[in-house]
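# A closer look at the structure
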Amino acid sequence: MTLAISAGILIGGSVYLMMRRDMLRIALGFTLLSHGVNLILIATGGTWGRNEPFGHHTASQMTEAADPLPQAFILTAIVISFAISVLMFVTAAVGKKDDATRPEVDPDNDKDVVW
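Residues numbered from 1 in each chain as written. Predicted model: local features only at pLDDT ≥ 70, side-chain atom pairs only at ≥ 80, totals over all residues. Heavy atoms only, no water.

## Quick word on the overall build of the protein chain
The line we're drawing: Comment: elements are numbered from the N terminus, with helices defined as DSSP H or I runs of at least four residues and strands as E runs of at least two. Throughout this description, buried means an accessible area under 20% of the type-specific maximum (1.4 Å probe, protein chains only), exposed means over 50%, and partly exposed covers the range between. For this analysis, residues touch if any pair of their heavy atoms sits within 4.5 Å. We get accessible surface area from the Shrake-Rupley algorithm with a probe of 1.4 Å; when it comes to residues, only the shown protein chains can shield them.
Assigned secondary structure in the protein chain consists of three helices and zero strands. When the elements of the protein chain are put in sequence order from the N terminus, they spell out α-α-α. Out of the 115 residues belonging to the protein chain, those deemed buried represent 22%. For the protein chain, restricting intrachain contacts to residue pairs at least 6 apart in sequence, the fraction spanning at least 24 positions comes to 51%. As displayed, the protein chain has an accessible area near 8,500 Å², and 70% of this comes from carbon and sulfur atoms.

## As for the nonpolar core
Note the threshold: The nonpolar core is taken to be a set of buried Ala, Val, Leu, Ile, Met, Phe, Trp, Tyr and Cys residues, with the residues joined through side-chain atoms within 4.5 Å.
Counting residues in each nonpolar core, the largest one holds six residues, listed as Met-23, Ile-26, Ala-27, Phe-30, Met-88 and Ala-92. Looking at this core, the elements with two or more residues in it are α2 (23-44) and α3 (68-94). Top element by residues in this core is α2. It accounts for four residues.

## Focus on the packing of helix α1 (residues 2-18) against α2
Which entries qualify depends on this criterion: Interaxial angle, 0 to 180 degrees, is taken between N-to-C directions of lines fitted to C-alpha atoms, where a helix line uses only the stretch in contact. For classification purposes, an angle smaller than 35 degrees is called roughly parallel, one larger than 145 roughly antiparallel, one from 65 to 115 roughly perpendicular, and anything else oblique. It is the rotation of the near helix from the far one that decides the hand of a crossing: anticlockwise by less than a right angle makes it left-handed, clockwise makes it right-handed.
Interhelical geometry of α1 versus α2 gives an angle of 160 degrees and a closest axis separation of 8 Å. Accordingly, the angle class assigned to the pair α1 and α2 is roughly antiparallel. Like other packed secondary-structure pairs, α1 and α2 cross with a definite hand, here left-handed.

## Focus on the UniProt feature "transmembrane region" (unreviewed entry) in the protein chain
The criterion, for reference: UniProt positions are given in the numbering used here, feature names are shortened, and annotations may be inferred rather than shown by experiment.
Per the UniProt record, the feature "transmembrane region" (unreviewed entry) sits at residues 26-49 and 69-94. A helix fraction of 100% and a strand fraction of 0% characterise residues 69-94, whose end C-alpha atoms lie 38 Å from each other.

## Quick word on α1
Counted only if it meets this: By this rule the span expected of a helix is its residue count minus one, scaled by 1.5 Å. Relevant arc is that of directions from the helix axis to the C-beta atoms, nothing else.
The first and last C-alpha atoms of α1 sit 24 Å apart over 17 residues, in line with the 24 Å expected at 1.5 Å per residue. Listed as buried for α1 are Ala-7, Ser-14 and Leu-17. On an axial view of α1, the arc spanned by its buried residues comes to 95 degrees, and they lie on one face. Seen from the open side of α1, the exposed residues pointing more than 90 degrees away from its buried face are Ala-4, Ile-9 and Tyr-16. Buried residues along α1 sit in contact with α2.

## A word on the environment of Ile-80
With respect to the helices, strands and loops of the structure, Ile-80 is situated in helix α3. Its relative accessible area of 48% is what places Ile-80 among the partly exposed residues.

Structure (structure tokens):
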């Protein structure tokens, strides 16, 4: 239940941040979204099977080993989300002042645009 509540809070916060127009908030929202999805992926592995990674060394108890597939998915997702987050943060830092994500130069709002 704790994993579900934590994932829901992270995904809710990420949706809130991604609805803003600033590129930095969009990047932070994406980072929160990736953490929430990682929690969902780890929850699909089942919290009941969290034993030693390799189990015991007897043949009858090898079925108690932890499932490595969700852990491999999480590791891959962490690497991919880190790379995309770095790209988004660099875009937010180096972005031009006249891009359409900034509210002060929104082309739909004629009174704020300086011609």
